Amino acid sequence: AKISYTAPSVGAQAEVIAEALANASVEASTITYVEAHGTGTSVGDPIEVAALSKAFRTSTESKGFCAIGSVKGNIGHLDNAAGVAGLIKAVLALEHGMIPASLNFERPNPGIDFEDSPFYVNTTLSEWHSHTGPRRAGVTSLGAGGTNAHVVLEEASRSRDLRECTPWQLLVLSAKTSTALDRATTLLAEHLRQHPEIDLADVAHTLQSGRRAFSHRRIAACRDREDAINILESQDPMRVVSDILK
């Protein structure tokens, strides 16, 4: 279906984008930013935008609602790491609610019809507005020979319902030795003291869901950051539970 091994294919790219949207169970109209592969070539970029448009057009006829950009304009092409660089950029854009500018953009590739597509080139740092729900982005990475990848990202929920339903937080620590556990306890207290802006519920969530559990464990029940610091520093036996599993 291609003129050569390295030539890109509209059909194949559109297929992988459509599959990613289907797997994510989202409509193309809810994607408001696309981090493109975007190598800046006269042939590759028009094919990539044509493939994106073809995939989006299966569910929407709207025009100019989705910003498009590529990190390559900022840092160049990183070869095998190009895809993950674009992924990192898109994640940071979601986190900050801002879409970075496409640097040095003056006019579009004449082979790309942006006016009749769902996309526009974002030329200035701009706030990321979404009127269809949470912010969502697509990230495309295209490899030689048709190794095409597309991922759909959605911003994390900012709901605080869980924090409002309980005044208590559990700080869970574990380590391979008792000495390491004491050290981890001290470091956590220092971190909480050095960062007064930190949300204790976020700390508790990370400790419970983002860490492996080792045999030496400690749990502190606390109401707020100051309470947590006092408990961790004093290791109050009435408020701290240590469990050493043999």
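For the structure itself, look to the data block above.
Remember, it's a predicted structure, so these values are computed and weren't measured experimentally.

Caption draft 1: Representation of helix α1 (residues 10-24). For α1, built from 15 residues, the straight-helix expectation of 21 Å at 1.5 Å per residue is met to within 8% by its first-to-last C-alpha distance of 21 Å. Where α1 is concerned, the buried positions are Gln 13, Ala 14, Ile 17, Ala 20 and Leu 21. The buried side chains of α1 occupy one side of the element, clustering within an arc of 125 degrees when seen end-on. For α1, exposure combined with an orientation more than 90 degrees from the buried face picks out Glu 15, Ala 22 and Asn 23. Residues of α1 that are buried in the fold lie against α2 (44-56), β6 (136-143) and β7 (147-154). Of the residues one or two after α1, Ser 25 is the one with positive phi, at around 60 degrees.

Caption draft 2: Representation of the pattern of salt bridges within the structure. Here the structure, examined in full by the defined rule, presents nine salt bridges. One salt bridge connects Arg 57 with Glu 61, and the closest N-O pair in it is separated by 3.9 Å. For Glu 61, a relative accessible area of 57% corresponds to the exposed category. The shortest N-O distance in the salt bridge between Glu 106 and Arg 107 comes to 3.9 Å.

Caption draft 3: Region of the structure containing the packing of aromatic side chains. The tally for this structure, following the rule as stated, stands at three aromatic pairs. Grouped by ring-pair contacts, the aromatic residues Phe 56, Phe 65 and Phe 119 constitute a single cluster.

Caption draft 4: Summary view of the sheet that holds strand β2 (residues 66-69). Strands sit in the order β4-β2-β1-β6-β7 across an open sheet of five strands; the sheet is mixed. Looking at which strands have only one partner, the edges of the open sheet turn out to be β4 (119-121) and β7. Sheet twist, expressed as the mean angle between neighbouring strand axes with direction ignored, is 25 degrees. Pairing of strand β1 (residues 33-35) with β6 involves three bridges; the strand directions are parallel. In the strand pairing of β6, Glu 35 is matched with Val 139. Most of the contacts of α2 go to β4, to which it runs at about 145 degrees, and overall it touches β1, β2, β4, β6 and β7.

Caption draft 5: Structural view of the packing of α1 against α2. Here α1 crosses α2 at 45 degrees, and the two axes come no closer than 8 Å. Between α1 and α2, the crossing angle belongs to the class labelled oblique. For α1 against α2, the interelement crossing comes out right-handed. Of α2, the residues touching α1 (which contributes Val 10, Gly 11, Gln 13, Ala 14, Ile 17 and Ala 18) are Ile 47, Glu 48, Ala 50, Ala 51, Leu 52, Lys 54 and Ala 55. Its residues placed into classes, the contact of α1 with α2 shows nine nonpolar, two polar and two charged.

Caption draft 6: A look at unusual backbone geometry. Unusually for a residue other than glycine, Ser 25 sits at a positive phi of about 60 degrees. Positionally, Ser 25 belongs in the loop between α1 and β1. A positive phi angle is found at Asn 104, which is not glycine, with a value near 60 degrees. Mapped onto the elements, Asn 104 comes out in the loop between β3 (98-99) and β4. Assessed through its relative accessible area of 74%, Asn 104 is described here as exposed.

Caption draft 7: Up close: the side chain of Arg 225. Here Arg 225 shows up in helix α8 (residues 225-234). Beyond its immediate stretch of four places on either side in the chain, Arg 225 contacts Leu 192, Arg 193, His 195, Pro 196, Ile 198 and Leu 200.

Caption draft 8: Main features of the pairing of strand β8 (residues 169-175). Only one face of β8 is buried, namely the one carrying Gln 169, Leu 171, Leu 173 and Ala 175, since none of Leu 170, Val 172 and Ser 174 on the opposite face is buried. Sheet topology note: the β8/strand β9 (residues 216-222) ladder contains seven bridges and is antiparallel. Bridging across to β9, Gln 169 finds its partner in Cys 222.

Caption draft 9: Spotlight on the packing of helix α6 (residues 178-194) against α8. Where α6 contacts α8, the two axes come as close as 9 Å, and the packing angle between them is 150 degrees. Here α8 runs roughly antiparallel to α6, going by the angle between their axes. In this structure, the crossing between α6 and α8 has a hand that is left-handed. Residues Thr 185, Leu 188, Ala 189, Leu 192 and Arg 193 of α6 touch α8, and the partners they reach there are Arg 225, Ala 228, Ile 229, Leu 232 and Glu 233. When its residues are assigned to classes, the contact of α6 with α8 shows six nonpolar, one polar and three charged.

Calculation rules
- Residues numbered from 1 in each chain as written.
- Predicted model: local features only at pLDDT ≥ 70, side-chain atom pairs only at ≥ 80, totals over all residues.
- Heavy atoms only, no water.
- Helix = DSSP H or I, 4+ residues; strand = E, 2+ residues; numbered from the N terminus.
- Expected span 1.5 Å × (residues − 1).
- Buried < 20%, exposed > 50% of the residue type's maximum accessible area, 1.4 Å probe, protein only.
- Arc of directions from axis to C-beta.
- Contact = heavy atoms within 4.5 Å.
- Salt bridge = Lys/Arg side-chain N within 4 Å of Asp/Glu carboxyl O.
- Phe/Tyr/Trp six-rings, centres within 6.5 Å; stacked < 30°, edge-to-face > 60°.
- Pairing = 2+ DSSP bridges.
- Axes fitted to C-alpha atoms, helices over the stretch in contact; angles between N-to-C directions.
- Parallel < 35°, antiparallel > 145°, perpendicular 65-115°, else oblique.
- Left-handed = near helix turned anticlockwise from the far one by under 90°.
- Nonpolar A, V, L, I, M, F, W, Y, C, P; charged D, E, K, R; others polar.

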